[in-house]
Every structure is written in structure tokens, then in C-alpha cells.
Amino acid sequence: MTQHARLSETRPFEASSSIKTELGYMRALCSPRGVAQLVWQQQPFSAADDQESDVSRETIAQLSDYLAGQLTKFTIPLDFSSRSSAAQRWLKVMNDIPYGQTISYADYAALWGNRKASRAAGLACQQNLLPIILPCHRIVQSSGGYDNYSGGDKTNPRDPNNIKRKQWLINLEAQNS
């Protein structure tokens, strides 16, 4: 069972659109409020499963522009309604990390309101349902390194291919800032 199928069984989505990128396959799942989840995996989706909306199509268009180095800030409506108020705060703070910059987990926690909450900051990144759109890839260890990232494959955040995808995103932004 794919991640999309698991989540769709518990929470219905109004629309979805998919794209194949050099980083893998991505599907924007949208509620009536906005994009609620970006499923990112290495296996293709069934295009027949997509039921597009204006928001799902715009999400994919903006992802394409971002990955081409032509977009630095997403302007699509986001739906955080399935998240707790604390999780929503983490996501809103994450969304404000500037394009082309990285910050440490401790700095992210400080922006959230508690510098000592580095582990919670890491958990917020791990539970980010909107990777790339909400830039958890911009959060790194205090040394500047990184050894965990779930973008593109949630089965093993230490997988070297996941780390390469994080590096790719950081490099993309560094080249275009």
C-alpha cells in the first residue's frame, strides 16, 4: 500500500495532480482549503488516480518552476487543518526560512519560541507533509552537515539517496539566490 493510499483512507482529498521530476514522483493532494500534502516517492503514481483542481494544478506548476530555479516562494493556499496548533506553528515558522539559506535545528527551535527544542524541531521536519513547499531541507545540523532527510523516500531518512536529494535542493537554491 502506498503512502497516498494509506492517508487517503483516513482523510479524503478533493483533488490531486502529479508530476515526474528528476528527484522522483510528486503528487499534490488538495482539500477545499488548499494543498494539504505533497506525496514524494520514487515509484510512479497512477495518473488515472488524479482528479485535478485549480489548486492542485497550480501546485504542480509552482513545483516545476521551483525545481527549474525560477521560483523562490510558493504562493499556493496551504491547508494545515489536520495538524495540531503546535504543529501548525512549527510549519508556519518553517515556511518563513528564506530561500537559499540554511539554519540549524536550534535556530529553527528558537524561531518557534524555544531554542532548547531542537529535537522537537527535528520531529517537525520529519512530520512535514509538504516537503519542498515548506522547506525542511533548509534545516541542518549546527555544524552545517546533515545526515537525515525523508524527501523522496520515507522508509529510511539516512538513505544516501535521500541525502543527495536534500543536497540537490540546497545547491539549487544556492545557485539561484
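Please refer to the structure higher up on the page.
A brief look at the structure comes next.

Definitions and cut-offs
Residues numbered from 1 in each chain as written. Predicted model: local features only at pLDDT ≥ 70, side-chain atom pairs only at ≥ 80, totals over all residues. Heavy atoms only, no water. Helix = DSSP H or I, 4+ residues; strand = E, 2+ residues; numbered from the N terminus. Expected span 1.5 Å × (residues − 1). Buried < 20%, exposed > 50% of the residue type's maximum accessible area, 1.4 Å probe, protein only. Polar contact = N/O pair within 3.5 Å; in protein donor to acceptor, adjacent residues only side chain to side chain. Arc of directions from axis to C-beta. Contact = heavy atoms within 4.5 Å. Pairing = 2+ DSSP bridges. Axes fitted to C-alpha atoms, helices over the stretch in contact; angles between N-to-C directions. Salt bridge = Lys/Arg side-chain N within 4 Å of Asp/Glu carboxyl O.

### Quick word on helix α6 (residues 160-175)
Here α6 spans 22 Å end to end across 16 residues, near enough to the 22 Å set by a 1.5 Å rise per residue. Of the positions making up α6, those classed as buried are N162, I163, R165, K166, L169, I170, L172 and E173. Of the residues that open α6, the one with a side-chain oxygen 2.6 Å from the backbone nitrogen of N161 is D159.

### Structural notes on helix α5 (residues 118-126)
Residues of α5 that are buried: A121, A124 and C125. Along α5, the residues classed as buried sweep out an arc of 100 degrees about the axis, all on the same side. Here the buried face of α5 lies against α3 (85-95), α4 (105-112) and β5 (139-140).

### A few points about the sheet that holds strand β1 (residues 15-21)
If you trace the three strands from one edge of the open sheet to the other, you get β1-β2-β3, paired in antiparallel fashion. Each edge of the sheet is formed by a strand with only one pairing partner; in this case those strands are β1 and β3 (34-41). The mean angle between the axes of side-by-side strands here comes to 20 degrees, regardless of whether they run parallel or antiparallel. Looking at chain direction, β1 and strand β2 (residues 24-31) are connected through seven bridges and run antiparallel. When the bridges of β2 are listed, S16 appears paired with L29.

### Points about the pattern of salt bridges
Within this structure, the stated rule accounts for six salt bridges. For the salt bridge of E52 with R57, the shortest nitrogen-to-oxygen distance reads 3.8 Å. Between D54 and R57 there is a salt bridge, and its shortest N-O distance comes to 2.8 Å. Placement of both D54 and R57 in helix α2 (residues 54-67) is noted, with a separation of three residues, approximately one turn of the helix. Salt bridges sharing common partners tie together E52, D54 and R57.

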